[in-house]
Amino acid sequence: MAAIHKKLETLFARLAAVVYDRKYITLACVLLLSLALAGQLPKLRIDTRDETFFKDDDPVLVAYNRFRDTFGQDDRFIIAMKPRDGLTPGFIATLNQLHNELEASVPYIDRITSLINARTLRAEGDTLIVDDLMKDLPATDAELEHVMDIIDRYPLYDRLLISEDRSIVSILIRSRAVKEAPEEGLLEGFDRDAPPQPVAGGNYLSNDENIEIFTAINRVIEKYQGQGIDFYLAGTPAVVAELTRSIEDDLRRMVPLAFVLMVLFLFVLFRRISGVIYPLLVVSLSLVVTLGIMGMWGIPFTLVTQMLPTFLLVVGIGDSVHILTIFYRIYRSTGDKRGAVIQAMGYAGLPVLMTSLTTACGLLSFALADVGAVAQLGYVAPVGVMLALLYTVVMLPALIAVFPVKQGKPIPEGARPVADRVFDAISRITTRRPLSVAVVFALLTAAAVYGTVSVRFSHNALTWFPETSPVRTATEFLDKVNGGTVMLEAVVDSGRDNGLHDPGLLHRMDAAAPFIPGIRVHGIQAGKAWSLADVLKEINRALNEDRDDAYTVPQSRELIAQELLLFESSGSEDLQDFADSTYQTGRLSMLAPFTDAILYKDYMEEVETYLERQFPGESVTITGHLPMFVQVIKNTITSMAKSYVFAIIAITLLMVLMVGRIRIGLMSMIANVIPVIGILGLMGITGIPLDLSTILIGSIVLGLVVDDTIHFLHHFRRAYEDTGDVETSVRMTLHSTGRAMVITSLVLSSGFFIYTAAYLESTVRNGLLTGSAVIFALIADFFLVPAMLSLVYRRKR
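Residues numbered from 1 in each chain as written. Predicted model: local features only at pLDDT ≥ 70, side-chain atom pairs only at ≥ 80, totals over all residues. Heavy atoms only, no water.

(A) Spatial organisation of helix α16 (residues 532-543). Taking 1.5 Å as the rise per residue, α16 with 12 residues should run 16 Å; its terminal C-alpha atoms sit 17 Å apart, in good agreement. The buried fraction of α16 is high, at 11 of 12 residues. For α16, the set of buried residues is Leu-532, Ala-533, Asp-534, Val-535, Leu-536, Lys-537, Glu-538, Ile-539, Asn-540, Arg-541 and Ala-542. Summarising the contacts, the buried residues of α16 are in contact with β3 (119-124), β4 (127-132), α15 (503-515), β8 (528-530), α17 (557-569) and β9 (585-592). Trailing α16 by a residue or two, Glu-545 shows a phi angle of about 60 degrees, which is positive. (Helix = DSSP H or I, 4+ residues; strand = E, 2+ residues; numbered from the N terminus. Expected span 1.5 Å × (residues − 1). Buried < 20%, exposed > 50% of the residue type's maximum accessible area, 1.4 Å probe, protein only. Contact = heavy atoms within 4.5 Å.)

See below:
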C-alpha cells in the first residue's frame, strides 16, 4: 500500500509540473469550460413544491396528478378578513371591490369564490336557477340580515366562506392546475391529420407561477390595509410561496457572508493577497460550473439543496488551504516557486483526493433515496465536490505560475509561535496519557447517547417560520377558527359510469361528511368534510319549494340523475369540483389543520380505515398535499437508513485504503462517528426534531468530518515511517498540517454557523448542527485520534 501511495504522490507532483509549465493553456481551458457552463445559469430555478420530493413515476405522485387532471387544484389561497366593526353593508361593499380587483389582477386563476358569488339555488317551475348570493349588494342592515339568513341555510359555506360565529369572511382563490395551451390562429391546424392533444399530464403550474399569484394577491391586499379590516393570507400555496421567497432571501444574504468569512480566515492564515484571491477564484469558478450543471440537468433549488452553494464554497476552500499551507512553508525557505508547488502537490495531493472522495461518497449516498429532491442532491453535490478538487489541482499551480507570489520572511531561529507550543502540549497529553483521553471521550459520548434518547421525529414546515411571520400567524389563526387551511382529498371510484347516481352510495357519502370531523388522532381533527351529496341536497330542496325537510339526498336513481342534469343545464360548472364528467368518480374533501406530518400518518390511517368500511364496494384513494407529504417522510426515513449504511461502508473502505492498515482505518472511524452522535445528542438536549431538513445531516457530516482525519493520518504515516515514535510523529503532524486543519475547520463551521442568522428555522438548525459537528470532529482529531494511535502503536521511546 505504501508503494501505491508513493506512486500517487509522484503523479500529483508530475501533474503540478505539467500545469506549471503549460500555465496559459491550462487557464484558457478552465475559463472556456467555466464560461460554457455558466451559460446554463439562467435555467436555474427554485422549487419548494411537494411534487419535487417525488420521482416522476412514483404511484403517490401519479395518483395526485390524476386527481388534478380530473378535479383541478386541491389546495387554494385563503384570504380571511376580520372587520373590526363586524359585518356591515360597508364591509360587504369593500369585500365586493376586493373580490373584483383580485379577479382582474391575479394571474392563472381558475376560480375565486366568496360570499359575493356564493351559489344559491331556486326553482321556477321545472327550471333550476343558480344565482350569486349577493347579486345585489345589501345597502341596509336589514338587507344584510336577510343575506345572513340565506347563508344559514347553506351549511356548505360554514368554515369555508364564513366562520361559524360570522365574524370572519374568506375569499378562496384556486389557481389552475394545468397550464393553458397557447392559442392558435383561426385557420391553423386544419391541415393536420392527428387531433389536437390535451395539455394535461405534466404541464402543471410551476413554483414560479405560484409565486406570481402570491405576489399579486399581496399587492392587491396592501391597498385595503388600514381600513379597519384584519387580513390573513393562508393556505398551502401561500406557505409554499413564502418558503420559496424566504429561501431566495437567505441565499442572497448567506452566500456573500460566507465569502466575507472566507476572505477573513484566509488572510489571517496566509497574510498574503495570493492566499486570499487564488482559493476564492478556484472555488467560485467551480461553484459556477456546478450551478451551471444543475441548470443544464434541470435540478432546481429545493428545501433540500438550498444550502448547497455555501456548502460547496466552504468545502472546496479546504483543498486550496492544505496545498497552499505546505507551498508557502517550502517557498519561504527555498525561494523556488516551481519546486515548492510541485512538492506541495506531491505532499498534499493524495490526502486532498481522499478527502474529496470521502465527502463525495457521503453525498453520493443520497442518490439511493426514494425522495426525488434528496436523490437530486446525491447527483449534483458529489459532482460539485469533485469539480472543486479538479479546479484546485489544475488552477492553483497555474495561478501560482502566472502571478507573482510574496515569498514571506523566514521564521527566526528560536522563535516558537503560540500555535506550535499548543500543538506540543496536545502531542504530550494525548500520547503520554492516551487511556485518560479515551476515557474522557467515552464519557462524553455516553452523555451524547443519553441525549439522543430524547430525539423525536417531527415535521411541521410551518414552525420553520418565525412566530411573527404573517403566513404562520394566519395559518395558525384560521386552523383555530375554521378547523383547517389545507385539503385532504378522498377519491371514491364506483367502478362504472353514472355510479354516483346510486342513492346508496350518495347516502354513504352524506353520512361520511359529518362523521369524519369527529375522528380525532394525536389532536388532529378535520374542521369540515363535504361531497357531491351536499350539492344534491341543495338541488333537491330548491326543486321542492325550498322546504327544509327536502334538504336530503333523493331516494331514486332516476330522480338523482334528473336533478343533476337540471343543475348542469343551469349553466353552473360547480359539479366539476365534485365528480368527473361520467359520474364514475366522486370527491370527498376534508379541511384539515396544518400540523406535524409525522402525526398525520396515524390520523390518515384512521380516516382511510373508516372510508374502506364506509365504501366496501368502491375504490377509495386518499390524495392531496397532506398524504403526499406523509409519504415523503416515510420515504425519507427508509432512504436515510440506506444512505447511512452506504456512506459508512464506503467511507470506511476509503479510510482503510488511505491508511493502508485495516485496524487503523477502522479505529479512525470511531473519531468520525462520534461527531454524528454528538449532534444527535445536541438535538435531544435542545429539542431539535428529526425532520426533513435535519435527517440529512448525518451523511453530510460523515463525509465532511472525515477530511481532517485523513489529513492527520496521512501526515502521521509519513512522519512515523521516518521516526518510529508516536509522540514525535504526532508533534510533526500537528506542526505540518495542524494550522490548516484549524483554519479549514473554522471556515467550515463558521460557514455553517452563518446560517444561524437565516430567516427559516430549518436553515438555522442545519447551520447550528453541521457547524457544531465540524468543531466536534476537530477536537476528536486533535485529541482522540493521537490517543488511539498511541494505544495501537505503543509509544516507542
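(B) Spatial organisation of the environment of Leu-285. Position of Leu-285 relative to the elements: it lies in helix α8 (residues 274-297). Its relative accessible area of 15% is what places Leu-285 among the buried residues. It is 29 Å that separates the C-alpha atoms of Leu-285 and Gly-335, two residues lying 50 residues apart in sequence. When near neighbours in sequence (up to four residues on either side) are disregarded, Leu-285 contacts Leu-31, Ser-34, Tyr-391 and Met-395.

(C) Summary view of the packing of α8 against helix α11 (residues 372-402). Relative orientation of the contacting elements α8 and α11 amounts to 145 degrees, with a least axis distance of 8 Å. In the packing of α8 onto α11, the handedness of the crossing is right-handed. Between α8, through Tyr-278, Leu-281, Val-282, Leu-285, Ser-286, Val-289, Thr-290, Ile-293, Met-294 and Trp-297, and α11, the contact on the second element is made entirely by Tyr-379, Val-380, Val-383, Gly-384, Leu-387, Ala-388, Tyr-391, Thr-392, Met-395, Leu-396, Leu-399 and Ile-400. Counted by class, the contact of α8 with α11 contains 18 nonpolar, 4 polar and no charged residues. (Axes fitted to C-alpha atoms, helices over the stretch in contact; angles between N-to-C directions. Left-handed = near helix turned anticlockwise from the far one by under 90°. Nonpolar A, V, L, I, M, F, W, Y, C, P; charged D, E, K, R; others polar.)

(D) Molecular detail of the pairing of strand β6 (residues 229-234). Of all 6 residues that make up β6, 5 are buried, and the element is covered over most of its length. Bridge count for strand β1 (residues 77-83) against β6 is 6 bridges, and the pairing is antiparallel. Looking across to β6, one finds that Ile-78 is bridged to Ala-234. (Pairing = 2+ DSSP bridges.)

(E) Seen up close, the sheet that holds β9. Across the sheet, which stays open at both edges, the 4 strands sit in the order β8-β9-β7-β10 with antiparallel pairing between neighbours. Strands with a single pairing partner mark the edges of an open sheet, and in this sheet they are β8 and β10 (619-623). On average, each strand axis in the sheet is tilted by 15 degrees relative to the strand beside it, whichever way the strands run.

(F) Fine view of a nonpolar patch on the surface. On the surface, Ile-273, Ile-277 and Leu-281 cluster together to form a nonpolar patch covering roughly 280 Å² of accessible area. Tracing the sequence through the fold places Leu-281 in helix α8. (Patch = residues over 30% accessible without salt bridge, like charges linked within 9 Å, V, L, I, M, F, W, Y side chains within 5 Å. Areas by Shrake-Rupley, 256 points an atom, 1.4 Å probe, with all protein chains shown as cover. Salt bridge = Lys/Arg side-chain N within 4 Å of Asp/Glu carboxyl O.)

(G) The arrangement of the sheet that holds β6 in detail. Taken in spatial order, the 4 strands make up an open sheet running β2-β5-β1-β6, and their pairing is antiparallel. The open sheet terminates on both sides in strands that have one partner only, identified here as β2 (109-113) and β6. Mean inter-strand twist for the sheet, computed between neighbouring axes without regard to direction, equals 15 degrees. The sheet contact formed by β2 and strand β5 (residues 169-175) spans 4 bridges and is antiparallel. Along β5, the bridge assignment pairs Ile-112 with Ile-173. With respect to the sheet, helix α4 (residues 89-105) is in contact with β1, β2, β5 and β6, its orientation differing from that of β5 by roughly 10 degrees.

(H) Region of interest: the pattern of salt bridges. Using the criterion set out here, one finds 35 salt bridges in the structure. Two residues, Arg-111 and Asp-577, come together in a salt bridge whose shortest N-O distance is 2.6 Å. Here Arg-111 is found in strand β2, whereas its partner Asp-577 is found in the loop between α17 and β9, with 466 residues between them in sequence. The partly exposed category is assigned to Arg-111, whose relative accessible area is 22%. A relative accessible area of 14% places Asp-577 in the buried class. Residue Asp-548 is joined to Arg-153 by a salt bridge in which the shortest nitrogen-to-oxygen separation is 2.6 Å. Pair noted here: Asp-548 is in the loop between α16 and α17 and Arg-153 is in the loop between α5 (141-152) and β5, with a separation of 395 residues, a long-range link.

(I) Layout of the packing of aromatic side chains. Tallying each qualifying case throughout the model produces 9 aromatic pairs. A cation sits over an aromatic face here: Arg-68 above Tyr-204, 3.9 Å from the ring centre. The ring of Tyr-328 has Arg-272 lying over it, and the distance from NZ or CZ to the ring centre is 4.1 Å. (Phe/Tyr/Trp six-rings, centres within 6.5 Å; stacked < 30°, edge-to-face > 60°. Lys NZ or Arg CZ within 6 Å of the ring centre and 35° of its normal.)

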